[in-house]
Amino acid sequence: MGDLTTNRSSVTGTAPVLVASNRGPVSFSTADDGTLTLRRGGGGLVSGLSAIDDPNAVWVCAALDDSDRRAAAEAPHGRLDLAGHEVGGQAVRMLDIDPLTFARAYNGVANSTLWFVHHLLYATPTAPSFDAAFRTEWAAYRAYNEAFAEALAAEAAPNAAVLVQDYHLSLVPALLREARPDLRIGHFSHTPWAPPEYYRMLPDDVARAVLTGILGADRAGFLTQRWARAFAACCEDLLGATVDHDALTVTVDGRTTRLGVHALGADADFLRERAHRTDVDERLAALRAAVGDRRTIVRVDRTELSKNIVRGLQAYRHLLRTRPEWHDRVVHIAFAYPSRTDLAEYRAYTAAVQRLAEEIDAEFATPAWQPLILHVDDDFPRSLAAYRLADVALVNPIRDGMNLVAKEVPVVSDHGCALVLSREAGAHAELKDDALTVNPYDVIATAEALHAGLTMSPEERADRTKRLAAAATALPPQQWFLDQLNAL
């Protein structure tokens, strides 16, 4: 782990609140002249942490690339704020973890194993296969988690509150409790949780280590009741834990961890303001020019295997094949942004999306009508423009911890939008009353739901959208974060 095992920050033990996550609130790039340029990130966690009004709070994160590593190495003990970087009002400690260790932990275990298990993504006749290479990756994952636990232990004030985020850091709570039993520790899972019969696919010792790692926390948080109950069931099944299903507690070896449910919502104020800036207006005008007076079906996703983009395109193709009245009257705007391009499965999936899009255009396009507009480059203002324009939003993941797109579209929609929503998205628990629910594997039913959305009256769409937006913003990021902190 390089010198991480001996480093201690010059401000050891002054942070009353700490957050740990793989990705931090800032990232760096290197300019042509060699200078480092800082970029502040967005998202629910960054918004949430801004709710902490304490300059001594510390965010511990990993350096994700060479520019990040250089910034971390040049800062005193990785403390970017002490190196003079403008990191947004709180302290940030960025960990310069050995690149090979990081790659094995992040790609090998977090994204190729734990993500696949929790999203039920394996093609089980051939995968997974937990061999000697996996054991090397698992050792790296443990070392990566140890680096985080050590940094948190060094920064935390006595009795501090520590909020550990996500599947990358599932071992941290137990490691940190061992080092600092005085701390109040929370862990939050932003993914679904696999049911026991699927979770047991992991090697027995690994499956137990992940569970006992999270149970090192005083409180383990989940996005929905469904995921919390699945975690409890795994603890019962693999650890012989005592579970109180009403109180949502898990007890192992005399120690009890409380489970909590915090359904992260959309940041309405930010989204509404951002969606009406000039750059979004410009992109909206360009989309309107491309679409003309036709109806729109919009999807915005990463090209992530769980997002189910291919079946969504198949459903659109089925709609056009079986309902010719939509020819030249609808355009599908599909934004599928690159994700995890280090992994072969993801590169192949992106290629499959592009191939199917070409087939749809080849089958249906006319000189006057492009039935599908596909973009695979990331452009947030363009996504917001599509949200505003959408008549129908398609959100059909095969499994999703929450899915904030389903919550964001109703918030910024200009005229009301029908939401076609997979029952396997965490957001479905809150939005199901006003969404058009689909089984994400059923292409024909999804096509019928798209038709229902396209034919819905403007009044009904507007009414549903108002209710969807209210539900979607019930727990904005700052309150979501403070609720977890207060619960500790």
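Residues numbered from 1 in each chain as written. Predicted model: local features only at pLDDT ≥ 70, side-chain atom pairs only at ≥ 80, totals over all residues. Heavy atoms only, no water.

### As for the side chain of His262
Argument step 1. Along the chain, His262 turns up in the loop between β11 (255-261) and α9 (268-274).
Argument step 2. Relative accessible area serves as the criterion here: at 6%, His262 is assigned to the buried category.
Argument step 3. A polar contact is formed between the side chain of His262 and the side chain of Arg219, at a distance of 2.9 Å.
Argument step 4. Look past the residues within four positions of His262 in its chain and what remains in contact with it is Phe188, Arg219, Phe222, Leu223, Leu475, Trp480, Asp483 and Gln484. (Helix = DSSP H or I, 4+ residues; strand = E, 2+ residues; numbered from the N terminus. Buried < 20%, exposed > 50% of the residue type's maximum accessible area, 1.4 Å probe, protein only. Polar contact = N/O pair within 3.5 Å; in protein donor to acceptor, adjacent residues only side chain to side chain. Contact = heavy atoms within 4.5 Å.)

### With respect to the nonpolar core
Argument step 1. In terms of nonpolar packing, the biggest core is built from 174 residues, with Phe148, Trp193 and Tyr199 touching the most fellow members.
Argument step 2. In contact with Tyr199, other than residues within four places in its own chain, are Val117, His118, Trp193, Ala194, Val206, Ala207, Val210, Leu211, Cys234 and Leu238. (Core = buried A, V, L, I, M, F, W, Y, C linked by side-chain atoms within 4.5 Å.)

### A few points about the pattern of salt bridges
Argument step 1. For the structure shown, the criterion picks out 34 salt bridges.
Argument step 2. Here Glu155 and Arg79 are joined by a salt bridge, their closest N and O atoms 3.1 Å apart. With Glu155 in helix α4 (residues 132-155) and Arg79 in the loop between α2 (66-74) and β5 (91-95), the pair connects residues that are 76 residues apart, well separated along the chain. Comparing Glu155 with Arg79 shows no difference in burial state: the two are buried.
Argument step 3. Of the charged contacts in the structure, one is a salt bridge between Arg382 and Asp377, with a shortest N-O distance of 3.3 Å.
Argument step 4. Within the structure, one salt-bridge network assembled from shared partners comprises Arg79, Asp81, Arg93 and Glu155. (Salt bridge = Lys/Arg side-chain N within 4 Å of Asp/Glu carboxyl O.)

### Side note on the sheet that holds strand β8 (residues 219-222)
Argument step 1. An order of β5-β4-β1-β6-β7-β8-β11-β10-β9 is seen for the 9 strands of this open sheet, with the pairing classed as mixed. The open sheet has two edge strands, β5 and β9 (242-244), and neither has a second partner. Between one strand axis and the next, the sheet turns through 20° on average, direction left out of account.
Argument step 2. Pairing of strand β7 (residues 184-189) with β8, which is carried by 4 bridges, proceeds in the parallel orientation. (Pairing = 2+ DSSP bridges. Axes fitted to C-alpha atoms, helices over the stretch in contact; angles between N-to-C directions.)

### Let's talk about the packing of aromatic side chains
Argument step 1. As enumerated under the stated definition, the model contains 14 aromatic pairs in all.
Argument step 2. Between Trp193 and Phe222, the aromatic rings sit 6.3 Å apart at their centres with planes inclined by 90°, giving edge-to-face as the arrangement. Note that Trp193 is positioned in the loop between β7 and α6 (196-199) and Phe222 in strand β8, a separation of 29 residues in sequence. An identical accessibility class is assigned to Trp193 and Phe222; each is buried.
Argument step 3. Members of the aromatic cluster, joined through ring pairs, are Phe102, Tyr106, Tyr144 and Phe148.
Argument step 4. Between the NZ or CZ atom of Arg340 and the centre of the ring of Trp115, over which it lies, the distance is 4.1 Å.
Argument step 5. The ring of Phe335 carries Arg382 above its face, with NZ or CZ at 4.8 Å from the centroid. (Phe/Tyr/Trp six-rings, centres within 6.5 Å; stacked < 30°, edge-to-face > 60°. Lys NZ or Arg CZ within 6 Å of the ring centre and 35° of its normal.)

### A word on the pairing of β8
Argument step 1. Going residue by residue along β8, you find Arg219 and Gly221 tucked away on one face and Ala220 and Phe222 tucked away on the opposite face as well.
Argument step 2. Relative to β11, β8 is paired through 4 bridges, and the arrangement is parallel. In the strand pairing of β11, Arg219 is matched with Arg258.

### Thoughts on the environment of Leu343
Argument step 1. Mapped onto the secondary structure, Leu343 falls in the loop between β13 (330-337) and α12 (344-364).
Argument step 2. When the C-alpha atoms of Leu343 and Gly108 are compared, they prove to be 9.4 Å apart, with 235 residues separating the residues in sequence.
Argument step 3. Excluding its chain neighbours within four sequence positions, the residues that come into contact with Leu343 are Asn107, Asn111 and Ser112.

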